[in-house]
Amino acid sequence: MASFVTEVLASSGKLEKEDLSSKISKMSRKVEDTKEEICDVITKRYSEFLPSLQGSEKLMGQIDEVSKEINALKNYIETEVQQNIHVAVADYAKLKQQLEKNTIIITMLGHLKEFQDSMEEFGQALLEKKYVKTAKQLERAKASVDSLKEWKSSELPLLRALSSELTIQRENFIYHLGDEWKRLVVWKLPSSKEPVGLKSFLKTELSLTLGCSKDGENIPPAQLCCILQALAIQGELQHKIKLFSQVLLKNMLKPLIIYPSLLVRVAEQQGEGTILALQCLEEKQEEHSSPTQVYTKLLVVLKTLHSHLLAVPVGEKLLSAILGDLIWEELSHCIIHECLLHSIPTHSNQLEKYNIVIKETEEFEKSLKEMHYLQSDSTDLLKYARDVNCHFASKKCKDVIVAARKLMTSKMHNTVRITQDTKLQLPKLPVPGSEDKGRLEANNAPCRKEVRLDNDKQLASRTMCLPGCRISESVQQLMELALNTLYEAVGSSTQCSVQLFFTVRNIFQLFYDVVPTYHKENLLKFPHLAAIQHNNCMYLAHHLLTLGHHFRSHLPQPLSEGVTTFVDMVPCFRKLGAQCFLTQLNVQKAELLERLSTARNFSNLDDEDNYTAASKAIRQVIHQLKQLGTVWQDVLPVNIYCKAMGSLLNTAITEVIAKIMMLEVFLNILLYMSFWSKRYENLKQKTFPPKKGNTSTRCARPSLRKAP
């Protein structure tokens, strides 16, 4: 309702007038208020302005005065102070340089004083035989000279004089120590002009003129310790000990290893020292010393040296450790090659006894470690002794190969007769799988029993027999050598068995390669040797078929799993024997054809010269066939002999028939055929006589006249 009244009044204009009047009154009040505020502000500002302005002017005056003072001070500094600063810096640099020079001079004078003091104490200590103190003072003097050389004054005559004096005194001191060493350790050696041998080493003698302690214990005296420590300080100990080790090895340790009859004698002289001398008590027939003898003799020498000379501490080590480092490698090498190598068993049944040698080697090294000659736990010497199985196999294989090669290069014409009843004597082996195999004696031939590999159900008695023939005695021995080696492999360690088995294979491979090459000229020149070589190859091939099967079940793995076989070599040997004999047959055929070529084609035999030439050729052919029959008949198997002679005879007859068929006159051909048929019958009787004995049939000269 009210809004409605307002709208009506507004529409009439009354309400608008009332609003304007209220607004004007409000604006008037605001204007008055604003005037009052402006008056207050102006009053406050201008009433305080004058004091502020005066204060500001006063401050500006003070600032101007301070600025003038600053400028005056700046001008003073630029003119007076900077000049004084340059002068002061120059003076300071001069003072610093002079200070450094004085410091250098003072330091050099200090080093010179230290050098002088050291040299005075050096001389005094040397007179008193205080060698350790002497060496230290000499090193102190050397340090002073080295310090002087670091400064840029090495051209000073004084410094050169100091260096020269230091060198002279050091050499004199080392020479003096050397004389003391030579007086305490005296060698007596054989002349260098004498031949090296057992007798020359009997003159070797080492005198240790050291004496003992007051308690009677064998310990090096204080004088020796001083000498050795002084040499160590001067850096000469290593050189002295190296020379001593070389003489010790060459003239005492190595001879004791090499010569079994050589012994060492230790003589204690009261108040004088100890003497080590080599002597020969008796001539021993042994070629090489046993490990026990060698270890005993070496320990006598090394223990004596340790108790009288080498038990001296030098730095962190004993002198015996220094000597051990110098001699052990060469000493162990000599023990291995001159003693242990020859002590390796030759048969497997002796390997168990070799454990004694291994224990002795361990004890020997243990003694050396207690005396500090050795530092490491395991050395080449002990490793070599423990690897006896490997060395035994290597030695055995080497000996077998050498023996086999010697047989292969021996003469082939020494033969033995092989019949069909001849059997290879195989060793009796233990039952496979038995727990107690034991050790087998390879060379105990009388204990072997002939073992037959026959089955219950047998073929004919001679089905697989080798035909009767002659083979080289060396080949028979070679087969026995292979059997002995395989017999040795049974019961040995796995590694040893493998090496021995493959050594046997190498024997036959060596035969295949060496014999045809080594005997090449003789095999071509002599039909007898070619036939023997053929038989040798067939003999080896025959026994290689079953050789591996006999030993397979008695060898360790992997040999027992089928590797043990020689069957693969059988075709090679058969081919080798056949080629050798066929080559000889071709040579004989060529000789037959060459002889028949001088028969002038058997033409015009009425002529005396032609007949003589033809007759001579025929006689030569017959003679050659007779000779071959004589040579081969007792060597080759019967079937091979018949085939060979038949082939040669067929070659001769074929050649003769071919030449006769070339003749022009047919009648002469018939006559010659008749003639040769008779000659052939005579030749058969001569070549294959029913009984032994020389029979000669002179063939009649055929008539070549024409029939009427």
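Conventions we followed
Residues numbered from 1 in each chain as written. Predicted model: local features only at pLDDT ≥ 70, side-chain atom pairs only at ≥ 80, totals over all residues. Heavy atoms only, no water. Helix = DSSP H or I, 4+ residues; strand = E, 2+ residues; numbered from the N terminus. Contact = heavy atoms within 4.5 Å. Areas by Shrake-Rupley, 256 points an atom, 1.4 Å probe, with all protein chains shown as cover. Phe/Tyr/Trp six-rings, centres within 6.5 Å; stacked < 30°, edge-to-face > 60°. Salt bridge = Lys/Arg side-chain N within 4 Å of Asp/Glu carboxyl O. Pairing = 2+ DSSP bridges. Axes fitted to C-alpha atoms, helices over the stretch in contact; angles between N-to-C directions. Core = buried A, V, L, I, M, F, W, Y, C linked by side-chain atoms within 4.5 Å. Buried < 20%, exposed > 50% of the residue type's maximum accessible area, 1.4 Å probe, protein only. Expected span 1.5 Å × (residues − 1). Patch = residues over 30% accessible without salt bridge, like charges linked within 9 Å, V, L, I, M, F, W, Y side chains within 5 Å. Lys, Arg positive; Asp, Glu negative; His and termini not counted. Charge placed at Lys NZ, Arg CZ, Asp CG, Glu CD. Parallel < 35°, antiparallel > 145°, perpendicular 65-115°, else oblique. Nonpolar A, V, L, I, M, F, W, Y, C, P; charged D, E, K, R; others polar. Disulfide = S-S within 2.5 Å. Left-handed = near helix turned anticlockwise from the far one by under 90°.

Draft legend 1. View of the overall build of the protein chain. Check the secondary structure of the protein chain and you find 20 helices and 8 strands. Sequence separation of 24 or more characterises 76% of the internal contacts of the protein chain that already satisfy a separation of 6 or more. As displayed, the protein chain offers around 43100 Å² of accessible surface, 55% of which is attributable to carbon and sulfur atoms.

Draft legend 2. The arrangement of the packing of aromatic side chains in detail. Applying the stated criterion to the full structure yields 12 aromatic pairs. Ring geometry for Trp-187 against Phe-244: centres 5.8 Å apart, planes inclined by 50°, an arrangement best described as tilted. Of this pair, Trp-187 sits in strand E1 (residues 185-188) while Phe-244 sits in helix H7 (residues 237-258); the two residues are 57 residues apart in sequence, bridging distant segments of the chain. Grouping aromatic residues by their ring pairs yields a cluster made of Phe-501, Phe-502, Phe-508, Phe-511, Tyr-512, Phe-566 and Phe-573.

Draft legend 3. Local environment of the pattern of salt bridges. Counting across every chain of the model gives 9 salt bridges. Two residues, Glu-205 and Lys-188, come together in a salt bridge whose shortest N-O distance is 3.8 Å. Of this pair, Glu-205 sits in strand E2 (residues 205-208) while Lys-188 sits in strand E1, and the two are 17 residues apart along the sequence. It is possible to trace a salt-bridge network through shared partners that takes in Arg-417, Arg-470 and Asp-634.

Draft legend 4. Looking closely at the sheet that holds strand E4 (residues 273-280). The strand order across the open sheet formed by 4 strands is E1-E2-E4-E3, and the pairing between neighbours is antiparallel. Two strands in the sheet have a free side with no partner beyond their single neighbour: E1 and strand E3 (262-269). Mean inter-strand twist for the sheet, computed between neighbouring axes without regard to direction, equals 15°. By the bridge criterion, 4 bridges tie E2 to E4 in an arrangement that is antiparallel. Residue pairing for E4: Leu-208 is matched across the bridge by Thr-274. With respect to the sheet, helix H8 (residues 291-310) is in contact with E1, E2, E3 and E4, its orientation differing from that of E3 by roughly 25°.

Draft legend 5. The arrangement of the nonpolar core in detail. Residues Leu-305, Ile-335, Leu-340 and Phe-508 are the most contacted members of the largest nonpolar core, which totals 120 residues. Per-element tally for this core: the top contributor is helix H9 (residues 319-343), with 11 residues. Once residues within four sequence positions are removed from consideration, Leu-340 is found in contact with Pro-291, Tyr-295, Ile-335, Tyr-354, Val-357, Leu-381, Tyr-384 and Ala-385. Counting residues in hydrophobic clusters, the runner-up holds 35 residues, among them Val-635, Leu-636, Leu-649 and Ala-652.

Draft legend 6. Here's a closer look at helix H12 (residues 388-408). Here H12 is 21 residues long and its end C-alpha atoms lie 30 Å apart, about the 30 Å a rise of 1.5 Å per residue gives. Among the residues making up H12, those that are buried are Val-388, His-391, Phe-392, Ala-393, Lys-396, Cys-397, Val-400, Ala-404, Leu-407 and Met-408.

Draft legend 7. Examining a positive patch on the surface more closely. A grouping of Lys-23, Lys-26, Arg-29 and Lys-30 is seen on the molecular surface, where their side chains present a positively charged patch. Mapped onto the elements of the fold, Arg-29 is located in helix H2 (residues 14-127).

Draft legend 8. Examining the packing of helix H17 (residues 570-596) against helix H18 (residues 608-633) more closely. Two numbers describe how H17 lies on H18: the axes approach to 8 Å, and their chain directions differ by 160°. What the angle tells us is that H17 and H18 run roughly antiparallel. Across from Phe-581, Gln-584, Leu-585, Gln-588, Glu-591, Leu-592, Arg-595 and Leu-596 in H17, the residues of H18 making contact are Ala-617, Ile-618, Gln-620, Val-621, Gln-624, Leu-625, Leu-628 and Trp-632. Taken together, the residues of the contact of H17 with H18 break down into 10 nonpolar, 4 polar and 2 charged.

Draft legend 9. Region of interest: the state of the cysteines. Under the definition given, this model contains 0 disulfides. This cysteine, Cys-390, is not joined by any disulfide, and Cys-496 carries the nearest cysteine sulfur, 9.2 Å off.

Draft legend 10. Region of interest: the pairing of E2. Of the two faces of E2, the one lined by Glu-205 and Ser-207 and the one lined by Leu-206 and Leu-208 are each fully buried. Bridge analysis of E1 against E2 gives 4 bridges, and the strand direction is antiparallel. From the neighbouring strand, Trp-187 faces E2, where its bridge partner is Leu-206.

Draft legend 11. Local environment of a nonpolar patch on the surface. A surface patch of nonpolar side chains, about 300 Å² in accessible area, is lined by Leu-73, Tyr-76 and Ile-77. Along the chain, Leu-73 turns up in helix H2.

Draft legend 12. Examining unusual backbone geometry more closely. Of note in the backbone geometry, His-372 takes a positive phi value of approximately 70° without being a glycine. Along the polypeptide, His-372 turns up in the loop between helix H10 (355-370) and helix H11 (380-386).

Draft legend 13. Region of the structure containing helix H4 (residues 157-184). For H4, with 28 residues, the first-to-last C-alpha span of 41 Å sits near the 40 Å given by 1.5 Å per residue. Residues Leu-159, Leu-162, Ser-163, Leu-166, Gln-169, Phe-173, Ile-174, Leu-177, Gly-178, Glu-180, Trp-181 and Leu-184 constitute the buried set of H4.

Draft legend 14. Spatial organisation of a negative patch on the surface. A contiguous patch of negative charge on the surface is contributed by Glu-32, Asp-33, Glu-36, Glu-37 and Asp-40. Within the secondary structure, Asp-40 sits in helix H2.

Draft legend 15. Layout of the packing of helix H13 (residues 473-489) against helix H14 (residues 494-518). The N-to-C vectors of H13 and H14 enclose an angle of 165°; their axes lie 8 Å apart at closest approach. Taken together, the axes of H13 and H14 lie roughly antiparallel to each other. Every pair of crossing elements has a handedness; the one defined by H13 and H14 is left-handed. Taking contact as the criterion, the partners of Val-475, Leu-478, Met-479, Leu-481, Ala-482, Thr-485, Leu-486, Glu-488 and Ala-489 in H13 are, on H14, Ser-497, Leu-500, Phe-501, Val-504, Ile-507, Phe-508 and Phe-511.

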